[in-house]
Amino acid sequence: MFSQKTVFVAGGTSGINLGIALAFARQGAKVAVLSRRQEKVDAAVAQLREAGATEVLGFAADVRDYPGVVAAFAATRTQFGEVDVLISGAAGNFLAPAVGMSSNAFKSVMDIDLLGTFHVMRAAYEHLKKPGASVINITAAQSWMPSAFQAHVCAAKAGVDQLTRTLAIEWGPAGIRVNSIAPGPIEGTEGVARLVPTEKSREAWMRSIPLARFGQLEDISNAALWLSSGQASYVTGVVLSVDGGLCLGGSSGITSAFMAA
Ligand code: NAP
Ligand code: COA
């Protein structure tokens, strides 16, 4: 379905975002990934090639640095043509009470998650296929569920989802769809290593998830493939929870899971 389509994944060198990049690569897409560390970029490019992608680009850049992001999109356009699918998922997270965060700690997550998402979308716009492009921002349940020890992430991801909705309105007339995916806890990821550090906290998370399991990378990449496909051609401005029902439990469930860490 995505043969010869161009897919750009910001933060696409590990975890959920790399899982999405690999899924598109297996569908025959041309894939570009971007993240800060050259060694992670190189490893991701190698993994994408192993997955069968013949056309792969990797960029070492920080989403907080707008010129670096602009340059990556320009190079992708030159090599692969217009971008059909944009995934924006670079993010940072750590558990900390608000009074345990310096101004710079709060700002670092706001800058990576929210300003970084704006940079990626802003730089991508001129290179997105019009009409026909799909943009997916990777957000989290914290965007609408206030959660203890996550003030920075709650604020940043709420902003990301408002960017999703706002740019769905602005870019809809150009034929560009803009949506978010909000994953639940996904096995084997950096996010889970940081946010679910103990068996006790894992049990608390399990009690908050109606489907009683953590997600797999494929749960998110399958959703991204669908949301980017023609089957979702009338879907824009939504935040799609792919979380086993976590979001149904409300803030007390997710907060008790964070407090058990
Ligand atoms: P991860 O493996 O740490 O992925 C983060 C990616 O972003 C990495 O490729 C990282 O590579 C890159 N990155 C970080 N800061 C960056 C920056 N300033 N500029 C450019 N790239 C940057 O984390 P993950 O757990 O898979 O999470 C991926 C996404 O899913 C995030 O948006 C997260 O909020 C969301 N999410 C995750 C979970 C979960 O269970 N894991 C649940 C809900 C939502 P470098 O270090 O090389 O920069
Ligand atoms: N509790 C409180 N403050 C913390 C913290 C923690 N656990 N971890 C980092 N900080 C603070 C630092 O002390 C620093 O503040 P200071 O300058 O006042 O001392 C500030 O956050 C920035 O840290 P720094 O390491 O300089 O930032 P960075 O830009 O290099 O890294 C992070 C950003 C902190 C988000 C880092 O954890 C990261 O790169 N994360 C990416 C991977 C990730 O989080 N994946 C999971 C996604 S769900």
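Presented here is a report on the structure given in the accompanying data block. (Residues numbered from 1 in each chain as written. Chains lettered and ligands numbered in written order. Predicted model: local features only at pLDDT ≥ 70, side-chain atom pairs only at ≥ 80, totals over all residues. Heavy atoms only, no water.)

Things to note about the packing of aromatic side chains
Argument step 1. For the structure shown, the criterion picks out five aromatic pairs.
Argument step 2. Judged by centre distance (4.7 Å) and plane angle (45°), the rings of tyrosine 125 and tryptophan 171 are tilted. A residue pair is termed long-range when its members are at least 10 positions apart, and tyrosine 125 in the loop between helix 4 (103-124) and strand 5 (134-138) and tryptophan 171 in helix 5 (residues 151-171) qualify at 46 residues.
Argument step 3. Under the relative-accessibility criterion, tyrosine 125 is labelled partly exposed at 28%.
Argument step 4. Looking at tryptophan 171, the relative accessible area reads 9%, which means it is buried.
Argument step 5. Measuring from centroid to centroid gives 5.2 Å for tryptophan 205 and phenylalanine 258, while their planes differ by 85°, and the two rings are edge-to-face. Separated by 53 residues along the polypeptide, tryptophan 205 in helix 7 (residues 199-208) and phenylalanine 258 in helix 9 (residues 250-259) bring together distant segments of the chain. Of the two residues, tryptophan 205 and phenylalanine 258, both sit in the buried class. (Phe/Tyr/Trp six-rings, centres within 6.5 Å; stacked < 30°, edge-to-face > 60°. Helix = DSSP H or I, 4+ residues; strand = E, 2+ residues; numbered from the N terminus. Buried < 20%, exposed > 50% of the residue type's maximum accessible area, 1.4 Å probe, protein only.)

So, the sheet that holds strand 2 (residues 30-35)
Argument step 1. Within the open sheet, the seven strands sit side by side as 3-2-1-4-5-6-7. Their pairing is parallel. Sheet topology places strand 3 (56-60) and strand 7 (239-242) at the edges, where each strand pairs with a single neighbour. Neighbour-to-neighbour, the strand axes of this sheet turn through a mean angle of 15°, independent of strand direction.
Argument step 2. Across four bridges, the pairing between strand 6 (residues 177-183) and strand 7 is parallel. For alanine 182, the partnering residue across the bridge sits in strand 7 and is serine 241. (Pairing = 2+ DSSP bridges. Axes fitted to C-alpha atoms, helices over the stretch in contact; angles between N-to-C directions.)

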